Amino acid sequence: MKGVAAEKVEGGKLVRCKVDFHDVKIYTVQVTGDFFLHPEEKLKDIEELFVGKNIFFDEKIAEQEIEDLAKKMEITMVGINSLALIRTIKAAIKNAEDKI
Amino acid sequence: MLKIRFDQSWSIDKMIDSNTKWRLIELEANDAFMNMAIDEAISHAVAKGLSLPTIRFYTWKPSAVSIGCFQGMNDEINVARCRELGVDFIRRRTGGGAVYHDEKGEITYSVIAPEKIMPKGITESYHLICGWIVDSLKRMGIDSEFKPINDVVVSGNGKKISGNAQTRRDGVLLQHGTILFDVDIDKMFSLLKVGQEKIADKMIADVKQRVTSVRQCCEASKMELYEALTEGFTEGKEYEIGKLSQEEMIEASMLVETRYIQDDWNFMR
């Protein structure tokens with residue numbers, strides 16, 4: 001199933017997540033939007049954090065994983081944050097389920 | 001040619017490094033692919049220490065839409081309409097939103113410099129460079145201010161007159177941005193999908209409420225805007241007027257072919 005959701009993050013930037021999952025397993029997550037993230041190529045690493053996760057993943061654990069990755073890879077997010085990302089991914093999953 | 005400008009009013013908080021010498025590349029028109037390739041080629045040359053920190057002004061010929069590096073081309077742009085009107089479309093290396101670069105309606109700048117001579121903080125560096133835009137507009141009698149994260153708005157009414165985007169790679173900061181000279185909202189909205197599904201008259205009116213241009217603020221010509229920008233960006237700096245090096249031109253031409261005209265890049269997301 002595929003789901004899409006978007007959120008206007010506080011500060012005015014938009015984050016949109018497209019999530020592809022089957023049963024309860026996430027296959028791909030794509031994050032788009034007008035936010036800033038340095039270094040830009042590290043967004044893929046954040047997306048890949050969610051690949052293979054159960055769609056009912058724990059939000060607190062996921063937040064910590066993003067924070068740990070950001071620290072390790074010296075990622076700076078501007079106009080976007082880990083909580084907004086997680087909320088949008090969860091919303092995309094919910095939107096796909098609601099279509100059933 | 002060497003020009004040295006000194007202004008007593010230049011405050012310490014705007015100072016990068018008084019010993020830094022800059023290169024100014026004067027206003028030129030290129031297509032979208034070459035414009036983005038030149039910015040990248042200069043970034044590489046600055047990273048290698050082969051080129052001076054650079055301030056560059058340019059326009060887009062033909063008109064183009066650029067999207068932020070994290071945006072989806074088909075999410076943001078009416079590609080068919082762009083093709084119909086002969087408007088280029090391209091993905092930038094910088095984040096931020098989709099921008100319509102009208103051939104006659106705006107001036108774009110880029111500032112490319114080693115990170116070590118710029119403020120370390122993202123917001124602080126936006127503030128610094130956007131301050132040069134504010135200074136430039138002030139010379140035209142337009143009071144404006146930096147609005148975080150990446151905008152310059154006209155004081156009083158809060159309308160956006162400049163949008164900016166930044167990336168940092170290989171120890172080099174690249175910031176580019178547009179200063180709106182004259183806005184054709186209707187054309188812009190025929191090309192951008194932002195809110196396309198809600199493109200009721202109210203939505204258009206709302207955008208008109210939020211965006212302005214130099215022409216809506218004063219009677220200045222585009223050349224007067226360019227002159228003000230040149231003065232605002234170079235004030236207090238030692239600089240020389242320069243051109244692209246042979247290496248930069250060769251690399252830019254290569255980047256056009258290998259990246260910027262490629263669907264793999266432009267439709268990556």
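Structural data are supplied above this passage.
Described in the following lines is the structure provided in the data block.

**Regarding the pattern of salt bridges**
Here the structure, examined in full by the defined rule, presents 20 salt bridges over all chains. For R56 of chain B, the salt bridge identified is with E28 of chain B, shortest N-O distance 3.4 Å. Here R56 of chain B is found in strand β3 (residues 54-60), whereas its partner E28 of chain B is found in strand β2 (residues 21-30), with 28 residues between them in sequence. Its relative accessible area of 0% is what places R56 of chain B among the buried residues. A salt bridge links R56 of chain B to D39 of chain B; the nearest nitrogen and oxygen atoms lie 2.7 Å apart. Placement of R56 of chain B in strand β3 and of D39 of chain B in helix α1 (residues 32-47) is noted, with a sequence separation of 17 residues between them. Salt bridges sharing partners connect three or more residues here, namely R16 and K18 of chain A together with D75 and E76 of chain B.

**Focus on the pairing of strand β8 (residues 144-147) of chain B**
All names here are of chain B. Of the two faces of β8, only the one carrying S144 and F146 is buried; E145 and K147 on the other face are not. Pairing analysis gives four bridges linking β8 to strand β9 (residues 151-154), with the strands arranged antiparallel. When the bridges of β9 are listed, F146 appears paired with V152. Between β8 and the antiparallel strand that follows it, β9, lie three residues.

**A short note on helix α9 (residues 246-260) of chain B**
Residues that lie three or four places apart on an α-helix share one face, since the helix turns once every 3.6 residues. All names here are of chain B. Counted at 1.5 Å a residue, the expected span for α9 with its 15 residues is 21 Å, and the 20 Å between its end C-alpha atoms agrees. Buried within α9 we find E248, E251, A252, L255, V256 and Y260. Packed against the buried residues of α9 are β2, α1, β5 (88-91) and α10 (263-266).

Rules of the game
Residues numbered from 1 in each chain as written. Chains lettered and ligands numbered in written order. Predicted model: local features only at pLDDT ≥ 70, side-chain atom pairs only at ≥ 80, totals over all residues. Heavy atoms only, no water. Salt bridge = Lys/Arg side-chain N within 4 Å of Asp/Glu carboxyl O. Helix = DSSP H or I, 4+ residues; strand = E, 2+ residues; numbered from the N terminus. Buried < 20%, exposed > 50% of the residue type's maximum accessible area, 1.4 Å probe, protein only. Pairing = 2+ DSSP bridges. Expected span 1.5 Å × (residues − 1). Contact = heavy atoms within 4.5 Å.

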